[in-house]
Amino acid sequence: MDLRIFTEPQQGATYDTLLTVAKATEDLGFDAFFRSDHFLHMGDVDGLPGPTDAWITLAGLARETKRIRLGTLMTAATFRLPGVLAVQVAQVDQMSGGRVELGLGAGWFAEEHKAYGIPFPKEKFGRLEEQLAIVTGMWATEVGKTFDFRGTYYELTGSPALPKPAQAKIPVLVGGLGATRTPRLAAQYADEFNIPFASVEDSERQFGRVRAAAEAAGRRADELTYSNALVVCVGRDDREVARRAAKIGREVDELKANGLAGSPAEVVDKIGRYAGTGSSRIYLQILDLSDLDHLELISTQVQSQLS
C-alpha cells in the first residue's frame, strides 16, 4: 500500500508552508505530495493568506524536491484550456525530471468560479472528456507531427503538440463516484482511478464498475491503479487523537467513521479493509499543515507496518 500526502492549500497555506510539507513528505519516505486545485476556501476558515495556484506550486516543488511524485487531486477542467494545460504539465514534468502525475476532474465548486470570474459551464462532463482526449493526444503525438481535434467544446488545428513530458507517459488520474460515465472515462483515459472520501463498501462497488468498464473497453482491469483519498487523524493515544481532531474542526467519531482516525493500530486495520477492495494507494488528506509531528507519526507507526 502506497501512502501519499494530500494537501488542501485553499484552506490557508503559503508556498513556503507547502514546501516544508513536501520536504517532510520526501524525508519521511512517503511516495508523493499532491495538492487540490481550488481558489476559494471551504467551511469555517478564513483561507488566509489566500490561495496558491496548483501548477505554479508544483513547478516550484519540482525544483526543490528530488524523489517524490507530484500531482493534483484534481485539476479542474474549467480552470484551464486543454492545450495550455498540456503545455503546463509537460513543462513541470521536465522540471521535476519526470515525477508528475495529472489528476483531471470536471470542476464542481461554483462559488470559487464566481469569486474569481471563471466561467462555470452547465455541461462540464463533456468538456472534461474532450480535455482528456486533447491532453493525452497532444502528449502522444510524435515530434514533428501535428495534432488536430474537433469536438463540441474545443477545436485544435495544426498543433505542434509541444513540449513533450520527460516521462514517456504522464500518469493520468480520473476519479469520482458516478456510476456510468465516470467508469467509462477512466477505462478510456486513466492510469489510476481514485475515489474521494468514500466508505469501504462504496469503494468496492465503484472499483467493480471501473473494472467492468475497463474490460468492456478491451483493457485488463488490473492495468489501472485503484486508490482512495481519505482524511487522516492519528494519535499515540485518545487524547492526542482528540487534540488533532479539534484542531481541524472535526469530531473523533465522525473521523473514524468517514476517514482514517485513531491509534496507529486502528488506522492500519482500516487501511487493510480498503486494501481488501483492491485499493493499493491512499492519499492522506492532511488538514493541519503545521503539524509535522503528525506526518512523522504516520511514517514511523503506520507506513512502517504497510511496507
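Structure's up top.
Here we summarise the structure given alongside this text. Values in this document were obtained by computation on a predicted structure and should not be read as measured data.

1. Examining the overall build of the protein chain
Next up, step 1: Within the protein chain, the regular secondary structure consists of 11 helices and 12 strands.
Next up, step 2: Here the C-alpha radius of gyration of the protein chain, 19 Å, is about what a compact globule of 307 residues would show, namely 19 Å.
Next up, step 3: Referenced to the eigenvectors of the C-alpha coordinate spread, the extents of the protein chain come out at roughly 60 × 45 × 35 Å.
Next up, step 4: Buried residues in the protein chain amount to 54% of all 307 residues.
Next up, step 5: In the protein chain, the share of contacts with a sequence separation of at least 24, taken over all contacts with a separation of at least 6, comes to 73%.
Next up, step 6: When the accessible surface of the protein chain is totalled, it reaches about 13500 Å², and 51% of it is carbon and sulfur.

2. What about the nonpolar core?
Next up, step 1: Membership of the largest hydrophobic core comes to 75 residues, with the highest contact counts inside it found for W55, W139, L260, L284 and I298.
Next up, step 2: Element by element, the count of residues in this core is highest for helix α5 (residues 124–140), at eight residues.
Next up, step 3: Excluding its chain neighbours within four sequence positions, the residues that come into contact with L284 are L3, R4, I5, F6, F30, L230, V232, L260 and I298.

3. Description of helix α8 (residues 238–247)
Next up, step 1: Of the positions making up α8, those classed as buried are E240, V241, R244 and A245. Within α8, the buried residues cover an arc of 135° as seen down the axis, which keeps them to one side. Facing away from the buried side of α8 by over 90 degrees, the exposed positions are D238, R239, A246 and K247.
Next up, step 2: Residues of α8 that are buried in the fold lie against β10 (225–234), α9 (252–258), β11 (260–262) and α11 (292–306).
Next up, step 3: Two or three places before R239, at the opening of α8, D237 has a side-chain oxygen 3.2 Å from that residue's backbone nitrogen.
Next up, step 4: Once α8 ends, the next one or two residues include G249, with phi positive near 70°.

4. Things to note about the side chain of S227
Next up, step 1: Mapped onto the secondary structure, S227 falls in strand β10.
Next up, step 2: Using a relative accessible area of 0% as the deciding quantity, one classes S227 as buried.
Next up, step 3: A distance of 2.9 Å separates a polar atom in the side chain of S227 from a polar atom in the side chain of N194.

5. Looking at the side chain of Q10
Next up, step 1: With respect to the element layout, Q10 can be found in the loop between β1 (2–7) and α1 (15–27).
Next up, step 2: At 2.9 Å, the side chain of Q10 and the side chain of E8 are in polar contact.
Next up, step 3: For Q10, the side chain forms a polar contact with the side chain of S36, separated by 2.6 Å.
Next up, step 4: In this structure Q10 touches S36, H38, L40, H41, M42 and G47, once residues within four positions along its chain are discounted.

6. Looking at the pattern of salt bridges
Next up, step 1: Under the criterion given, the structure shown has 25 salt bridges.
Next up, step 2: A salt bridge links E129 to R184; the shortest N-O distance between them is 2.8 Å. Here E129 is found in helix α5, whereas its partner R184 is found in helix α6 (residues 181–189), with 55 residues between them in sequence.
Next up, step 3: The exposure class of E129 is partly exposed, given its relative accessible area of 22%.
Next up, step 4: Bridged by salt links that share partners, the residues R236, E240, R243, R244, D291 and D293 form one connected network.

7. Some remarks on the environment of V232
Next up, step 1: With respect to the helices and strands, V232 occurs in strand β10.
Next up, step 2: Since its relative accessible area comes to 4%, V232 is described here as buried.
Next up, step 3: Between the C-alpha atom of V232 and that of H294, which follows or precedes it by 62 residues, the distance is 9.5 Å.

8. Let's talk about the packing of aromatic side chains
Next up, step 1: In this structure the tally under the stated criterion is six aromatic pairs.
Next up, step 2: Note on F39 and F79: the rings are 5.0 Å apart at their centroids and 50° apart in plane angle, and the pair reads as tilted. Of this pair, F39 sits in the loop between β2 (32–35) and α2 (54–64) while F79 sits in the loop between β4 (75–76) and α3 (82–96); the two residues are 40 residues apart in sequence, bridging distant segments of the chain. For the pair F39 and F79, one class covers both residues: buried.
Next up, step 3: Measuring from ring centre to ring centre gives 5.3 Å for F207 and Y226, while their planes differ by 70°; the resulting arrangement is edge-to-face. Placement of F207 in helix α7 (residues 200–216) and of Y226 in strand β10 is noted, with a sequence separation of 19 residues between them.
Next up, step 4: On the basis of relative accessible area, F207 is assigned to the buried category, the value being 1%.

Scoring rules and cut-offs
- Residues numbered from 1 in each chain as written.
- Predicted model: local features only at pLDDT ≥ 70, side-chain atom pairs only at ≥ 80, totals over all residues.
- Heavy atoms only, no water.
- Helix = DSSP H or I, 4+ residues; strand = E, 2+ residues; numbered from the N terminus.
- Rg over C-alpha atoms; globule rule 2.2 N^0.38 Å.
- Buried < 20%, exposed > 50% of the residue type's maximum accessible area, 1.4 Å probe, protein only.
- Contact = heavy atoms within 4.5 Å.
- Areas by Shrake-Rupley, 256 points an atom, 1.4 Å probe, with all protein chains shown as cover.
- Core = buried A, V, L, I, M, F, W, Y, C linked by side-chain atoms within 4.5 Å.
- Arc of directions from axis to C-beta.
- Polar contact = N/O pair within 3.5 Å; in protein donor to acceptor, adjacent residues only side chain to side chain.
- Salt bridge = Lys/Arg side-chain N within 4 Å of Asp/Glu carboxyl O.
- Phe/Tyr/Trp six-rings, centres within 6.5 Å; stacked < 30°, edge-to-face > 60°.

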